[in-house]
Amino acid sequence: MSYSIDFRRKVISTREEEGLSIRETAKQFRIGPASVSRWINQIASKASTTPQRKSDKSELIKDVEPYPDAYQKERAERFGVCQKAIWQALKKLELTYKKNSTSSESRRKRPGSISTKNTTV
């Protein structure tokens, strides 16, 4: 929880009027000295921004349709982003493509299922 701008201004003005140190001011208002020090440099908190996405989701979907077998690295080169960005976008869109439809467990040879040829002489 952040402190209001009014409270921050009051802390700074009290410090300047009474000539208190940062620690004394922090002790008087029962806040951390790091907060007072930060407020001296900048009273208002910085506005948070939503990070811009590097790849457009609709463009990625359009790319998956003609190239379903493409590697993420190839898509990353086409979009000019890193492979991890493609992986995250595909995961978020729940687009997966399994190149091998049979699982590794079903491909294993079971003991006793080895076929032997009958040789007749």
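An account of the accompanying structure is given in this report. Residue numbering note: each chain is counted from 1, following its sequence as written. In keeping with the model being predicted, local features are shown solely for residues with a pLDDT of at least 70 and side-chain atom pairs are shown and tallied solely at 80 or more, while totals for entire chains, interfaces and linings include all residues. To get the side-chain values, all heavy atoms of the structure are used, and hydrogens and water are removed first.

## Digging into the overall build of the chain
In step 1: Scanning the chain from N- to C-terminus turns up seven helices and zero strands.
In step 2: Reading the chain from its N end, one meets helices and strands in the order α-α-α-α-α-α-α.
In step 3: Here the term buried applies to any residue with accessible area under 20% of the maximum for its type, exposed to any over 50%, and partly exposed to those in between, with areas from a 1.4 Å probe on protein chains only. Looking at the 121 residues of the chain, the share that counts as buried comes to 20%.
In step 4: Here the chain displays about 10600 Å² of accessible surface, and carbon together with sulfur accounts for 49% of that area. The helix and strand labels rest on DSSP assignments: H or I over at least four residues marks a helix, E over at least two residues marks a strand, and numbering proceeds from the N terminus. Each accessible area is a Shrake-Rupley result for a 1.4 Å probe, and residues are judged covered by the shown protein chains and nothing else.

## Some remarks on helix α2 (residues 22–29)
In step 1: Within α2, the full set of buried residues consists of Thr-25, Ala-26 and Phe-29. Seen from one end, α2 has its buried residues packed into an arc of 100°, which puts them on one side. With respect to the buried face of α2, the exposed residues turned more than 90 degrees away are Arg-23 and Lys-27.
In step 2: Once α2 finishes, Arg-30 follows within two positions and takes phi at roughly 55°, a positive value. This arc corresponds to the set of directions leading from the helix axis out to the C-beta atoms.

## Considerations on the nonpolar core
In step 1: Here the nonpolar core consists of buried residues drawn from Ala, Val, Leu, Ile, Met, Phe, Trp, Tyr and Cys, with membership extended through side-chain atoms lying within 4.5 Å. Membership of the largest hydrophobic core is limited to eight residues, which are Leu-60, Val-64, Ala-76, Val-81, Ala-85, Ile-86, Ala-89 and Leu-90.
In step 2: The element best represented in this core is helix α6 (residues 83–92), accounting for four residues.
In step 3: In this description, contact between two residues means that some pair of their heavy atoms is separated by no more than 4.5 Å. Apart from the residues lying within four places of it in its own chain, the contact partners of Leu-60 are Arg-75, Phe-79, Ile-86, Ala-89, Leu-90 and Leu-93.
In step 4: The next biggest cluster of nonpolar side chains, apart from the first, holds seven residues, and it includes Ile-12, Ala-26, Phe-29 and Val-36.

## Comments concerning unusual backbone geometry
In step 1: In this structure, Arg-30 takes a positive phi of about 55° despite not being glycine.
In step 2: Secondary-structure assignment places Arg-30 in the loop between α2 and α3 (33–41).
In step 3: Phi at Glu-94 takes a positive value of approximately 55°, unusual for a residue other than glycine.
In step 4: Its location among the elements puts Glu-94 in the loop between α6 and α7 (104–107).
In step 5: Residue Glu-94 is classed as exposed on the basis of its relative accessible area of 69%.

## Some remarks on the pattern of salt bridges
In step 1: One side-chain nitrogen of Lys or Arg within 4 Å of one carboxyl oxygen of Asp or Glu is enough to make a salt bridge. Inspection of the entire model under this criterion finds three salt bridges.
In step 2: Residues Arg-75 and Asp-63 are paired through a salt bridge, measuring 2.9 Å at the closest nitrogen-oxygen approach. With Arg-75 in helix α5 (residues 72–79) and Asp-63 in helix α4 (residues 57–64), the pair connects residues that are twelve residues apart, well separated along the chain.

## What about the packing of aromatic side chains?
Where two aromatic rings form a pair, the distance of their centres and the angle of their planes describe that pair.
In step 1: Pairing of aromatic side chains here covers Phe, Tyr and the six-membered ring of Trp, requires ring centres within 6.5 Å, and sorts the geometry by plane angle: under 30 degrees stacked, over 60 edge-to-face, intermediate tilted. Inspection of the entire model under this criterion finds four aromatic pairs.
In step 2: Ring plane angle 80° and centroid distance 5.4 Å describe the contact between Tyr-3 and Trp-39, whose orientation is recorded as edge-to-face. A residue pair is termed long-range when its members are at least 10 positions apart, and Tyr-3 in the segment before α1 (5–18) and Trp-39 in helix α3 qualify at 36 residues.
In step 3: A relative accessible area of 38% places Tyr-3 in the partly exposed class.
In step 4: The exposure class of Trp-39 is buried, given its relative accessible area of 5%.
In step 5: Here Phe-7 and Phe-29 contribute two aromatic rings whose centre-to-centre distance is 5.8 Å and whose plane-to-plane angle is 85°, an arrangement assigned as edge-to-face. Taken as a pair, Phe-7 in helix α1 and Phe-29 in helix α2 lie far apart in primary sequence, 22 residues in all.

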